[in-house]
Amino acid sequence: MTARIAFQGEPGAYSHQACHQARPHLEALPCATFEDVIEAVRSGAAVEAMLPVENSTYGRVADIHRLLPDSGLHIVDEAFVRVHINLLGVPGSSIADITDAWSHLVLLPQCAGFLRKHQIKGRVSPDNARAARDIAEKGNPAHAALASELAGEIYGLDVLARHIEDHDQNTTRFLIMSQQPEMTRRADHMMTTFVFQVRNIPAALYKAMGGFATNGVNMTKLESYMVGGSFTATQFYADIEGHPDDKNVQLAMDELKYFTSHLHILGTYPADRLRD
(Lines give C-alpha, C1' and ligand atoms only; values in the text may rest on other atoms or scores of the structure.)
Protein backbone atom coordinates (compact mmCIF):
# COMPACT_ATOMS: atom_id res chain seq x y z
CA MET A 1 0.00 0.00 0.00
CA THR A 2 1.25 3.48 -0.85
CA ALA A 3 2.38 5.50 2.17
CA ARG A 4 0.13 8.51 2.77
CA ILE A 5 0.17 11.89 4.50
CA ALA A 6 -3.13 13.18 5.90
CA PHE A 7 -4.36 16.77 5.63
CA GLN A 8 -7.53 18.66 6.52
CA GLY A 9 -9.65 19.84 3.62
CA GLU A 10 -10.65 18.79 0.14
CA PRO A 11 -8.30 17.91 -2.73
CA GLY A 12 -6.73 21.14 -3.95
CA ALA A 13 -6.67 22.85 -0.54
CA TYR A 14 -3.54 24.74 0.49
CA SER A 15 -2.79 21.95 2.97
CA HIS A 16 -2.85 19.59 -0.03
CA GLN A 17 -0.38 21.90 -1.76
CA ALA A 18 1.83 21.72 1.35
CA CYS A 19 1.80 17.91 1.11
CA HIS A 20 2.87 18.08 -2.55
CA GLN A 21 5.71 20.48 -1.79
CA ALA A 22 7.08 18.96 1.42
CA ARG A 23 6.27 15.27 0.92
CA PRO A 24 6.01 14.62 -2.84
CA HIS A 25 6.77 10.91 -2.32
CA LEU A 26 3.65 10.42 -0.16
CA GLU A 27 0.06 10.12 -1.35
CA ALA A 28 -2.10 12.91 0.10
CA LEU A 29 -5.12 11.76 2.13
CA PRO A 30 -7.92 14.38 2.56
CA CYS A 31 -9.74 14.45 5.92
CA ALA A 32 -12.79 16.40 7.09
CA THR A 33 -11.37 17.72 10.38
CA PHE A 34 -8.05 18.18 12.17
CA GLU A 35 -9.12 15.44 14.58
CA ASP A 36 -9.60 13.11 11.60
CA VAL A 37 -6.09 13.97 10.37
CA ILE A 38 -4.61 12.99 13.74
CA GLU A 39 -6.68 9.81 13.91
CA ALA A 40 -5.56 8.80 10.42
CA VAL A 41 -1.97 8.72 11.66
CA ARG A 42 -2.89 7.02 14.94
CA SER A 43 -4.76 4.28 13.08
CA GLY A 44 -2.01 3.73 10.52
CA ALA A 45 -4.08 4.98 7.57
CA ALA A 46 -1.36 7.61 7.09
CA VAL A 47 2.28 7.75 8.16
CA GLU A 48 2.33 11.52 8.70
CA ALA A 49 0.01 14.46 9.31
CA MET A 50 0.25 17.90 7.71
CA LEU A 51 -1.20 20.44 10.15
CA PRO A 52 -1.28 24.24 9.70
CA VAL A 53 -0.36 26.12 12.88
CA GLU A 54 -0.11 29.77 11.87
CA ASN A 55 -0.47 32.23 9.02
CA SER A 56 1.62 35.36 8.57
CA THR A 57 -1.51 37.45 7.97
CA TYR A 58 -4.11 35.91 10.27
CA GLY A 59 -2.06 34.47 13.13
CA ARG A 60 -2.46 31.05 14.67
CA VAL A 61 -4.89 28.46 13.38
CA ALA A 62 -7.74 27.99 15.85
CA ASP A 63 -7.78 24.80 17.96
CA ILE A 64 -4.50 23.35 16.66
CA HIS A 65 -2.48 24.19 19.78
CA ARG A 66 -5.10 22.48 21.93
CA LEU A 67 -5.00 19.32 19.85
CA LEU A 68 -1.23 18.81 19.59
CA PRO A 69 -0.30 17.99 23.23
CA ASP A 70 -2.85 15.18 23.52
CA SER A 71 -2.57 13.93 19.95
CA GLY A 72 0.05 11.29 20.75
CA LEU A 73 1.97 12.48 17.68
CA HIS A 74 5.41 14.03 17.41
CA ILE A 75 6.65 16.93 15.27
CA VAL A 76 9.28 15.69 12.81
CA ASP A 77 9.41 18.58 10.34
CA GLU A 78 8.00 21.98 9.43
CA ALA A 79 7.04 23.52 6.10
CA PHE A 80 6.34 27.11 5.09
CA VAL A 81 3.98 27.45 2.11
CA ARG A 82 3.27 30.66 0.22
CA VAL A 83 -0.46 31.19 -0.16
CA HIS A 84 -0.89 32.26 -3.78
CA ILE A 85 -4.50 33.07 -4.65
CA ASN A 86 -5.63 32.48 -8.23
CA LEU A 87 -8.84 33.32 -10.06
CA LEU A 88 -10.13 30.02 -11.51
CA GLY A 89 -12.91 29.83 -14.09
CA VAL A 90 -14.53 27.24 -16.30
CA PRO A 91 -12.68 26.54 -19.58
CA GLY A 92 -13.20 29.29 -22.13
CA SER A 93 -14.17 32.01 -19.65
CA SER A 94 -12.22 35.23 -19.14
CA ILE A 95 -11.78 37.80 -16.37
CA ALA A 96 -14.24 40.09 -18.17
CA ASP A 97 -16.92 37.39 -17.84
CA ILE A 98 -16.64 36.99 -14.06
CA THR A 99 -19.24 38.66 -11.85
CA ASP A 100 -18.89 36.55 -8.68
CA ALA A 101 -16.00 34.62 -7.11
CA TRP A 102 -16.22 32.12 -4.24
CA SER A 103 -13.63 31.32 -1.59
CA HIS A 104 -13.15 30.79 2.13
CA LEU A 105 -14.01 33.83 4.26
CA VAL A 106 -10.34 34.24 5.26
CA LEU A 107 -9.12 34.51 1.67
CA LEU A 108 -11.59 37.10 0.37
CA PRO A 109 -10.04 40.13 2.14
CA GLN A 110 -6.59 39.07 0.91
CA CYS A 111 -7.51 39.83 -2.70
CA ALA A 112 -10.02 42.63 -2.08
CA GLY A 113 -8.07 45.04 -4.29
CA PHE A 114 -8.20 42.72 -7.29
CA LEU A 115 -11.90 42.01 -6.83
CA ARG A 116 -12.71 45.70 -6.53
CA LYS A 117 -10.66 46.59 -9.60
CA HIS A 118 -12.49 44.03 -11.73
CA GLN A 119 -15.91 44.64 -10.10
CA ILE A 120 -16.16 41.03 -8.95
CA LYS A 121 -18.31 40.27 -5.93
CA GLY A 122 -16.67 38.03 -3.34
CA ARG A 123 -18.80 35.12 -2.14
CA VAL A 124 -18.18 32.87 0.87
CA SER A 125 -17.52 29.14 0.51
CA PRO A 126 -16.67 26.75 3.39
CA ASP A 127 -13.42 25.76 1.66
CA ASN A 128 -11.24 27.09 -1.16
CA ALA A 129 -10.97 23.73 -2.89
CA ARG A 130 -14.70 23.16 -2.38
CA ALA A 131 -15.31 26.46 -4.18
CA ALA A 132 -13.24 25.23 -7.14
CA ARG A 133 -15.13 21.94 -7.23
CA ASP A 134 -18.51 23.71 -7.13
CA ILE A 135 -17.53 26.09 -9.95
CA ALA A 136 -16.44 23.15 -12.10
CA GLU A 137 -19.68 21.27 -11.43
CA LYS A 138 -21.99 24.22 -12.17
CA GLY A 139 -20.12 25.35 -15.28
CA ASN A 140 -21.28 28.97 -15.17
CA PRO A 141 -18.77 31.18 -17.09
CA ALA A 142 -19.72 34.18 -14.94
CA HIS A 143 -18.66 32.45 -11.74
CA ALA A 144 -15.14 31.74 -10.49
CA ALA A 145 -13.23 30.38 -7.52
CA LEU A 146 -10.33 31.88 -5.57
CA ALA A 147 -8.01 28.99 -4.82
CA SER A 148 -4.68 27.30 -5.54
CA GLU A 149 -3.43 26.34 -8.97
CA LEU A 150 -3.49 22.76 -7.75
CA ALA A 151 -7.26 23.05 -7.25
CA GLY A 152 -7.56 24.30 -10.84
CA GLU A 153 -5.63 21.29 -12.11
CA ILE A 154 -7.71 18.83 -10.09
CA TYR A 155 -11.10 20.22 -11.12
CA GLY A 156 -10.27 21.18 -14.71
CA LEU A 157 -10.51 24.95 -14.34
CA ASP A 158 -8.58 27.62 -16.22
CA VAL A 159 -6.32 30.04 -14.33
CA LEU A 160 -7.76 33.42 -15.37
CA ALA A 161 -5.36 35.41 -13.15
CA ARG A 162 -2.40 34.24 -11.07
CA HIS A 163 -1.21 35.44 -7.66
CA ILE A 164 -3.88 38.08 -7.16
CA GLU A 165 -3.35 38.46 -3.40
CA ASP A 166 -2.91 42.07 -2.25
CA HIS A 167 0.21 41.26 -0.20
CA ASP A 168 2.96 39.01 -1.55
CA GLN A 169 4.22 37.73 1.82
CA ASN A 170 1.21 35.67 2.91
CA THR A 171 2.65 32.39 4.20
CA THR A 172 1.28 29.48 6.23
CA ARG A 173 3.47 27.42 8.53
CA PHE A 174 2.73 23.70 8.76
CA LEU A 175 3.95 21.08 11.20
CA ILE A 176 4.52 17.54 9.94
CA MET A 177 3.78 14.94 12.61
CA SER A 178 4.19 11.19 12.98
CA GLN A 179 3.57 8.45 15.52
CA GLN A 180 7.27 7.92 16.14
CA PRO A 181 9.50 10.70 17.50
CA GLU A 182 12.66 11.61 15.60
CA MET A 183 15.03 13.24 18.05
CA THR A 184 18.28 13.02 16.08
CA ARG A 185 20.15 16.15 15.02
CA ARG A 186 19.62 16.10 11.23
CA ALA A 187 20.37 19.70 10.26
CA ASP A 188 22.59 22.56 11.32
CA HIS A 189 19.57 24.70 12.21
CA MET A 190 17.19 22.75 14.46
CA MET A 191 13.95 23.84 16.12
CA THR A 192 12.36 22.41 19.26
CA THR A 193 8.71 22.79 20.24
CA PHE A 194 7.28 22.17 23.70
CA VAL A 195 4.31 22.97 25.93
CA PHE A 196 4.45 23.74 29.65
CA GLN A 197 2.45 24.97 32.62
CA VAL A 198 4.09 27.14 35.27
CA ARG A 199 3.90 26.51 39.00
CA ASN A 200 1.55 28.65 41.06
CA ILE A 201 4.21 30.97 42.45
CA PRO A 202 4.77 34.73 41.97
CA ALA A 203 6.48 35.70 38.70
CA ALA A 204 6.80 32.03 37.67
CA LEU A 205 6.65 32.73 33.94
CA TYR A 206 9.21 35.54 34.19
CA LYS A 207 11.58 33.29 36.12
CA ALA A 208 10.98 30.33 33.80
CA MET A 209 11.90 32.40 30.76
CA GLY A 210 15.05 33.76 32.37
CA GLY A 211 17.02 30.62 31.62
CA PHE A 212 16.58 31.05 27.87
CA ALA A 213 17.89 34.62 27.98
CA THR A 214 20.90 33.88 30.19
CA ASN A 215 21.88 30.85 28.12
CA GLY A 216 21.50 32.54 24.75
CA VAL A 217 18.60 30.42 23.47
CA ASN A 218 16.40 32.23 20.97
CA MET A 219 12.68 31.70 21.60
CA THR A 220 10.85 32.37 18.34
CA LYS A 221 7.31 31.77 19.66
CA LEU A 222 5.53 31.86 23.00
CA GLU A 223 1.74 31.63 23.11
CA SER A 224 -0.69 30.95 25.92
CA TYR A 225 -4.13 29.37 25.98
CA MET A 226 -6.50 28.19 28.68
CA VAL A 227 -6.90 24.49 29.40
CA GLY A 228 -9.70 22.53 31.00
CA GLY A 229 -12.19 25.38 30.72
CA SER A 230 -10.53 27.25 33.59
CA PHE A 231 -9.40 30.88 33.68
CA THR A 232 -6.63 29.92 36.11
CA ALA A 233 -5.18 26.97 34.17
CA THR A 234 -2.93 28.29 31.40
CA GLN A 235 -0.69 26.29 29.11
CA PHE A 236 2.13 27.81 27.09
CA TYR A 237 3.30 26.73 23.65
CA ALA A 238 6.88 27.59 22.70
CA ASP A 239 9.33 27.23 19.79
CA ILE A 240 13.06 27.65 20.36
CA GLU A 241 16.08 27.49 18.08
CA GLY A 242 18.30 24.56 18.97
CA HIS A 243 18.29 20.87 19.84
CA PRO A 244 17.61 19.36 23.29
CA ASP A 245 21.18 17.99 23.32
CA ASP A 246 22.71 21.46 22.94
CA LYS A 247 24.37 22.47 26.22
CA ASN A 248 22.73 25.89 26.34
CA VAL A 249 19.31 24.38 25.58
CA GLN A 250 19.83 21.76 28.33
CA LEU A 251 20.64 24.48 30.87
CA ALA A 252 17.63 26.57 29.83
CA MET A 253 15.28 23.58 29.98
CA ASP A 254 16.60 22.56 33.40
CA GLU A 255 15.81 26.03 34.71
CA LEU A 256 12.39 25.92 33.05
CA LYS A 257 11.58 22.60 34.73
CA TYR A 258 12.17 24.11 38.15
CA PHE A 259 9.34 26.60 37.64
CA THR A 260 6.88 24.34 35.80
CA SER A 261 4.31 21.78 36.90
CA HIS A 262 4.17 20.20 33.43
CA LEU A 263 6.61 20.14 30.50
CA HIS A 264 6.24 18.12 27.30
CA ILE A 265 8.50 18.28 24.24
CA LEU A 266 6.38 17.88 21.09
CA GLY A 267 9.35 17.44 18.77
CA THR A 268 12.68 18.63 17.44
CA TYR A 269 13.08 19.12 13.70
CA PRO A 270 15.06 20.92 10.96
CA ALA A 271 14.11 24.55 10.40
CA ASP A 272 12.49 25.10 7.01
CA ARG A 273 14.71 27.16 4.70
CA LEU A 274 11.91 29.73 4.30
CA ARG A 275 12.03 30.47 8.04
CA ASP A 276 15.01 32.75 7.35
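First, a word on what this report is: a plain description of the structure on this page.

## Considerations on the overall build of the protein chain
Thought 1: In terms of regular secondary structure, the protein chain is built from eight helices and 15 strands.
Thought 2: When the backbone C-alpha atoms are referred to their principal axes, the protein chain occupies close to 65 × 45 × 35 Å.
Thought 3: A burial count over the protein chain gives 49% of its 276 residues as buried.
Thought 4: Of the accessible surface of the protein chain, which amounts to about 13100 Å², a share of 51% is contributed by carbon and sulfur atoms.
Thought 5: Of the side chains in the protein chain, 24 bear a positive and 33 a negative charge, and the two mean positions are spaced by 4 Å.

## Remarks on the layout of surface pockets
Thought 1: The computed volume of the largest pocket comes to approximately 660 Å³.
Thought 2: Considering the residues around the largest pocket, the lining is formed by 23 residues, among which Pro52, Val61, His104, Val106 and Asn128 are closest to the centre.
Thought 3: For the lining of the largest pocket, the per-class residue count stands at 12 nonpolar, nine polar and two charged.
Thought 4: The volume enclosed by the second largest pocket comes to roughly 160 Å³.
Thought 5: Lining the second largest pocket are 13 residues, with Gln21, Ala22, Ala79, Phe80 and Asp272 positioned closest to its centre.
Thought 6: Residue assignment for the lining of the second largest pocket shows that the elements contributing at least two residues are α1 (14–22) and β5 (74–82).
Thought 7: It is β5 that provides the largest number of residues to the lining of the second largest pocket, a total of five residues.
Thought 8: Taken together, the residues of the lining of the second largest pocket sort by class into seven nonpolar, one polar and five charged.

How each quantity is defined
- Residues numbered from 1 in each chain as written.
- Predicted model: local features only at pLDDT ≥ 70, side-chain atom pairs only at ≥ 80, totals over all residues.
- Heavy atoms only, no water.
- Helix = DSSP H or I, 4+ residues; strand = E, 2+ residues; numbered from the N terminus.
- Buried < 20%, exposed > 50% of the residue type's maximum accessible area, 1.4 Å probe, protein only.
- Areas by Shrake-Rupley, 256 points an atom, 1.4 Å probe, with all protein chains shown as cover.
- Lys, Arg positive; Asp, Glu negative; His and termini not counted.
- Charge placed at Lys NZ, Arg CZ, Asp CG, Glu CD.
- 1 Å grid on protein atoms, 1.4 Å probe; cavity = no way out; pocket = protein on both sides within 12 Å on 5 of 7 lines; lining within 4 Å.
- Points joined across faces, edges and corners; volume = space filled by probe spheres on them.
- Nonpolar A, V, L, I, M, F, W, Y, C, P; charged D, E, K, R; others polar.

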